[in-house]
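Residues per chain are reported as follows:
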Amino acid sequence: MVTPAHHPTEAAATAAEQPNSTELDGAALRQAFGAYPTGVVALGALRDGEPVGLAVSSFVSISLEPPMVAVSVARTSTTWPRLTEAPELGLSVLSRGQGALCRRLASRAGDRFDGTGWQATPGGAVLIHDAALWLTARTHAVYDGGDHEIVLLELLTVELFPGVEPLVFHTSQFRELTPHG
Ligand SMILES: Cc1cc2nc3c(=O)[nH]c(=O)nc-3n(C[C@H](O)[C@H](O)[C@H](O)COP(=O)(O)O)c2cc1C
């Protein structure tokens, strides 16, 4: 057995660090995937003049040339079919302190944009105020991702807000970054 240098040995492991092998059922997988910390991105576009959007943690950078990112969207999503018809999509990397907004953007009850500052580009991409990063994009390709669709997005614009700290999502909780050491 190979013991990686930074992995606790069995003798040294605390209860919280003990390896825990479970079945590949939905609950266990959700917990397992939640062990990987991510940021959270608000996808948004105007539909009939109103902002439509949802929160995703599946955002990943893909390519520099051409510039591309990807997200995976649940096939059960009722919002994605509306977003995918939009010519341009906004992606806002949520910032520290926007955890409640993220929950609202994931909720099936109420107006997701209520009380939130946002603006739309001429192409109809919806961008959230006070985010850490704004991207606009259009769908390049969609791939099978099991119960999700993997959406490859070609970037149109990038606007970074230096110094704005991102929101971090880990083990079903919103967290913030702290410098190491
Ligand atoms: C932190 C967080 C991350 C999420 N990440 C994703 C994701 O990557 N893909 C996805 O399809 N839904 C994700 N969701 C769920 C959606 O935000 C939303 O709840 C879901 O799409 C249901 O709403 P809808 O039917 O309007 O699409 C996430 C929710 C939260 C709170």
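Residues numbered from 1 in each chain as written. Predicted model: local features only at pLDDT ≥ 70, side-chain atom pairs only at ≥ 80, totals over all residues.

### Considerations on the overall build of the chain
Within the chain, the regular secondary structure consists of 3 helices and 11 strands. The secondary structure elements of the chain, listed N-terminal to C-terminal, are α-β-β-β-β-α-β-α-β-β-β-β-β-β. Based on the C-alpha atoms only, the size of the chain along its principal axes is roughly 60 × 40 × 35 Å. Classification of the 181 residues of the chain by burial places 25% in the buried group. (Helix = DSSP H or I, 4+ residues; strand = E, 2+ residues; numbered from the N terminus. Buried ≥ 20, exposed ≤ 12 C-beta atoms within 10 Å, placed from the backbone.)

### Let's talk about the pairing of strand β8 (residues 133-145)
Where strand β5 (residues 89-93) and β8 come together, 5 bridges link them in antiparallel fashion. Residue pairing in the sheet places Val93 in a bridge with Leu133 of β8. In this structure, β8 lies alongside strand β9 (residues 148-160), joined through 12 bridges in antiparallel fashion. Its bridge partner being in β9, Ala141 is matched across the sheet by Leu152. Between β8 and β9, which pair antiparallel in sequence order, lie 2 residues; one of them, Gly146, sits at a positive phi of approximately 70 degrees. (Pairing = 2+ DSSP bridges.)

### As for the environment of Val69
By secondary structure assignment, the location of Val69 is in strand β4 (residues 68-74). C-alpha of Val69 to C-alpha of Val151: the two residues are 82 residues apart in sequence and 8.5 Å apart in space. In this structure, Val69 is in contact with Phe59, Val60, Ser61, Ile62, Leu135, Ala137, Leu153 and Leu155, ignoring residues within four places of it in sequence. (Contact = placed C-beta atoms within 7 Å.)

### Observations concerning the confidence of the model for the chain
Considering every residue of the chain, the mean pLDDT works out to 91; 90% of them sit at 70 or more. Predicted confidence for residues 1-5 stays below pLDDT 50, and this span has 1 contact to residues more than four positions away or in other chains. (pLDDT = per-residue confidence, 0-100.)

### Details of the environment of Ser107
Position of Ser107 among the secondary structure elements: in the loop between α3 (99-106) and β6 (118-120). By C-beta crowding, Ser107 is classed as exposed, having 12 other C-beta atoms within 10 Å. A C-alpha to C-alpha distance of 18 Å links Ser107 and Trp118, two positions 11 residues apart in sequence.

### Considering the site of the ligand
Near the ligand you find 19 residues, and of these Val56, Ser58, Ser77, Thr79 and Ala106 are the closest. Of all the secondary structure elements, the ones that give two or more residues to the shell around the ligand are β2 (50-56), β4 and α3. The element contributing the most residues to the shell around the ligand is α3, with 4 residues. For the shell around the ligand, the residue count by class is 11 nonpolar, 6 polar and 2 charged. (Near = placed C-beta within 6 Å. Nonpolar A, V, L, I, M, F, W, Y, C, P; charged D, E, K, R; others polar.)

### Some words on the pairing of β4
Taken together, the 3 bridges between strand β3 (residues 60-63) and β4 define a ladder with antiparallel strand orientation. In the sheet register, Ser63 faces β4, and the bridge partner there is Met68. The antiparallel hairpin formed by β3 and β4 contains 4 residues in its connecting segment. Alignment of β4 against β9, held across 7 bridges, turns out to be antiparallel.

### Section: the sheet that holds β9
Spatial ordering of the open sheet is given by β2-β1-β5-β8-β9-β4-β3, a layout of 7 strands whose pairing is antiparallel. Since the sheet does not close on itself, it has two edges, and those belong to β2 and β3, each with one partner. Going from strand to strand, the sheet's axes swing by 40 degrees on average, the running direction of each strand aside. Most of the contacts of α3 go to β2, to which it runs at about 110 degrees, and overall it touches β1 (41-47) and β2. (Axes fitted to C-alpha atoms, helices over the stretch in contact; angles between N-to-C directions.)

### What about α3?
Of the positions making up α3, those classed as buried are Leu101, Cys102 and Leu105. Looking straight down α3, one finds its buried side chains confined to an arc of 100 degrees; they lie on one side. The exposed residues of α3 that point more than 90 degrees off its buried face are Ala100 and Arg103. In this fold, the buried residues of α3 make contact with β1, β2 and β11 (173-175). (Arc of directions from axis to C-beta.)

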